[in-house]
Amino acid sequence: MWYTPGMTIRAYTELDIPAMTEIWNEVVEEGNAFPQNEKLGSLNSSVFFAGQSYTAVALEEGELAGLYILHPNNVGRVGHIANASYAVKKSMQGKGIGKALVEDSLKQLSSLGFRILQFNAVVASNTRALALYERLGFERLGTIRGGFAMDDGSFEDIVSMVYYPKH
């Protein structure tokens, strides 16, 4: 578990799944961060979250405020590179929950056998996320022009990023 005043980050439990699904689907509905365009349903949420290498939740004053998933970015010879997704409840944003989730995921890497964390597609207009990642030591690998399909049919640039833990 990870703590700050009023906040706890811990591995999820089955009891967390309804709130996790709601938060995940908020981000999917917003349409400007996650690659998924279909929301999770009550039947596939449990399978989805259980299928990750690690899934954690953030509780703020006892309320489920955010979550992250951590899993291999690929398989085989590059399976030591992780990928992650973070979601913070819209009404709880701006309280440092996202930063705490990213920091916790970085602490989990080595215990899960990962040596690197790579983000394939941070949407370029998500400037708050890009700034946070860079403050935490992530490096930009490059920009893929028009790599993210927006709901209105337009395309936005995505930024690939990498974090190399200090060993």
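Structure shown above.
The model shown is predicted, which means the values in this text are computed figures rather than measured ones.

**Q** How would you summarise the overall build of the chain if you had to cite specific residues and measurements?
**A** In terms of regular secondary structure, the chain is built from four helices and eight strands. The globule rule puts the C-alpha radius of gyration for 167 residues at 15 Å, and the 15 Å found for the chain is close to it. Buried positions account for 46% of the 167 residues belonging to the chain. Long-range pairs, those at least 24 residues apart, make up 60% of the contacts in the chain between residues at least 6 apart in sequence. Each charge sign in the chain was given a centre, from 14 positive and 18 negative side chains, and these centres are 8 Å apart.

**Q** Tell me about helix H3 (residues 97-108), and please be specific about residues and values.
**A** Three- or four-residue spacings in an α-helix give side chains the same orientation, since the helix completes a turn every 3.6 residues. The end-to-end C-alpha separation of H3 is 17 Å, in line with the 16 Å expected for twelve residues at 1.5 Å each. Looking only at H3, the buried set comprises Ile97, Ala100, Leu101, Val102, Asp104, Ser105, Leu106 and Gln108.

**Q** Quick one: what's the story with the environment of alanine 124, residue by residue and with numbers?
**A** Considering the arrangement of structural elements, one finds alanine 124 in the loop between strand S6 (116-123) and helix H4 (127-135). With 30 residues separating them in the primary sequence, alanine 124 and glycine 94 have C-alpha atoms 19 Å apart. The contacts of alanine 124, once residues within four sequence positions are left out, are Leu130, Glu156, Asp157, Ile158 and Val159.

**Q** A description of the side chain of asparagine 25 should follow, citing residues and the corresponding values.
**A** When you line up the elements, asparagine 25 lands in helix H1 (residues 17-30). Owing to a relative accessible area of 11%, asparagine 25 belongs among the buried residues under this scheme. Only 2.7 Å separates the side chain of asparagine 25 from the backbone nitrogen of leucine 40, close enough to count as a polar contact. Excluding anything up to four places from it in sequence, asparagine 25 contacts Lys39 and Leu40.

Procedures and definitions
Residues numbered from 1 in each chain as written. Predicted model: local features only at pLDDT ≥ 70, side-chain atom pairs only at ≥ 80, totals over all residues. Heavy atoms only, no water. Helix = DSSP H or I, 4+ residues; strand = E, 2+ residues; numbered from the N terminus. Rg over C-alpha atoms; globule rule 2.2 N^0.38 Å. Buried < 20%, exposed > 50% of the residue type's maximum accessible area, 1.4 Å probe, protein only. Contact = heavy atoms within 4.5 Å. Lys, Arg positive; Asp, Glu negative; His and termini not counted. Charge placed at Lys NZ, Arg CZ, Asp CG, Glu CD. Expected span 1.5 Å × (residues − 1). Polar contact = N/O pair within 3.5 Å; in protein donor to acceptor, adjacent residues only side chain to side chain.

Function cannot be inferred from these measures alone, as they are strictly geometric.
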